[in-house]
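# Structural description and commentary
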Amino acid sequence: MRQMDRYPFIFAIVLFLLAWMLGLPVRAQSAPLNDIRCTLIQDQQSGETLYQDGVCDKRVSPASTFKVPLALIGYDAGILSDAHRPSWDYKPEFKAAKRDQKTVDPTIWERDSIVWYSREITRRLGTEKFAGYVSKLGYGNKDVSGDAGKDNGLTQSWINSSLEISPVEQTEFLRHFLAGKMPASAQAHEMTRAILPTFAAGDWTVQGKTGSTRLGQDGKRSLGWFVGWAEKDGRKIVFARLVVDTKRADTPKGLATRAAFLKDLPQLVK
């Protein structure tokens, strides 16, 4: 290595050491740069892994799958009342996509994945209470600080920002949630289960939530989640499917991920 070539490398080391000595935050890049594919299916009661394929321990943004714990939080905090209350009207300052410019209740929020409704819940919680709930639930890395220097954790942390979770952690959360063991009221558990969208996959009845976003500052990689649970003949499973790649499509990646999983499930678990 030529002497001139060493300078950028040495300079980077010096900056890192200065930050460390001064106590400045140095956040690790936990989201991997390569593609990720994971399908994880577990028995809800025992936790036995029934099917696993791909890399399932890497943390990435939960995107709209965060609406599952957020519903639990909203009901427990008394912000949400039942499947149809509160019903909030759209406001221009929300700056939402045209399809989301409508009156929304908890059921529509989960079904149509309305971001502005999520943000209205977190605003009503406030920063301290919101962070406290996420920490109590043990959700992923529990980091709701948001983008560095932007003070947007309350409204952005779960969308390509500080909050991250792995497929393994998603299914662990779902197992405890379905067992009623989350630090929230029984009514909050019941209402959250009631508003999650329902689908069919062969003989399986499936409830779950998609998630879609673009990752990183360049947005070159897109993410698709589908997480939830399924029942058949008295048997209950939890699942998480994650796809992260550079492929572009006309529809959000979460919807494609859900469609593929619903097609695959009957063959993956008999």
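What counts and what doesn't
All residue numbers refer to positions counted from 1 along the written sequence of the respective chain. For this predicted model, a pLDDT threshold of at least 70 governs which residues receive local features, and a threshold of 80 or more governs which side-chain atom pairs are given and counted, while totals over whole chains, interfaces and linings are taken from all residues. Side-chain measures here rest on the full set of heavy atoms in the structure, leaving out hydrogens and waters. The criterion for strand pairing is that DSSP finds at least two bridges linking the strands in question. Numbering of helices and strands runs from the N terminus, with a helix taken as a DSSP run of H or I at least four residues long and a strand as a DSSP run of E at least two residues long. Axes, fitted as lines to C-alpha atoms, cover a helix only where it is in contact. Angles between the N-to-C directions of the axes lie from 0 to 180 degrees. Two residues qualify as a contact provided that any one of their heavy atoms is within 4.5 Å of a heavy atom in the partner residue. Throughout, exposure labels follow a simple rule: accessible area from a 1.4 Å probe, protein chains only, divided by the maximum for the residue type, with under 20% read as buried, over 50% as exposed, and the rest as partly exposed. A pairing counts as a salt bridge when a side-chain nitrogen of Lys or Arg comes within 4 Å of a carboxyl oxygen of Asp or Glu.

Taken together, the six strands give an open sheet; going across it, the order is β2-β1-β6-β5-β4-β3, and neighbouring strands pair in antiparallel fashion. Edge positions in the sheet fall to β2 (49-54) and β3 (198-201), since each of these pairs with one other strand and no more. In this sheet, adjacent strand axes meet at a mean angle of 20 degrees when their direction is disregarded. Sheet topology note: the β3/strand β4 (residues 204-215) ladder contains four bridges and is antiparallel. From the neighbouring strand, Phe199 faces β4, where its bridge partner is Val206. Sitting on the sheet, helix α9 (residues 253-268) touches β1 (36-43), β2, β3, β4, β5 (221-232) and β6 (235-245), and the angle it makes with β5 is about 40 degrees.

Below, the discussion takes up the side chain of Thr122. Tracing the sequence through the fold places Thr122 in helix α4 (residues 115-125). Using a relative accessible area of 0% as the deciding quantity, one classes Thr122 as buried. Sequence-distant contacts of Thr122, defined by excluding residues within four places in its chain, comprise Leu70, Phe130, Leu154, Thr155 and Trp158.

The subject of this paragraph is the pattern of salt bridges. Inspection of every chain in the model, using the stated rule, returns 12 salt bridges. Measuring nitrogen to oxygen at the nearest pair gives 2.9 Å for the salt bridge that ties Glu120 to Arg124. In this pair, Glu120 and Arg124 both sit in helix α4, four residues apart, roughly one turn of the helix. For Arg124, a relative accessible area of 45% translates into the label partly exposed.

This paragraph deals with α4. Buried within α4 are the following residues: Trp116, Tyr117, Ser118, Glu120, Ile121, Thr122 and Leu125. On its buried side, α4 packs onto α2 (67-76), α3 (106-112), α5 (127-137) and α6 (153-156). Gly126, located one to two residues past α4, shows a positive phi value of around 85 degrees.

Further remarks concern the environment of Ala260. Tracing the backbone shows Ala260 in helix α9. Relative accessible area serves as the criterion here: at 30%, Ala260 is assigned to the partly exposed category. Considered as a pair, Ala260 and Arg241 are 19 residues apart in the sequence and their alpha carbons are 9.5 Å apart.

What follows concerns unusual backbone geometry. The omega angle of the peptide bond from Arg85 to Pro86 is 5 degrees, so this bond is cis rather than trans. By secondary structure assignment, the location of Pro86 is in the loop between α2 and α3. In this structure, Lys142 is a non-glycine residue whose phi angle is positive, near 60 degrees. In this structure, Lys142 sits in the loop between α5 and α6. Of note, Asp151 is a non-glycine position whose phi angle comes to about 50 degrees, a positive value. Tracing the chain through its elements places Asp151 in the loop between α5 and α6.

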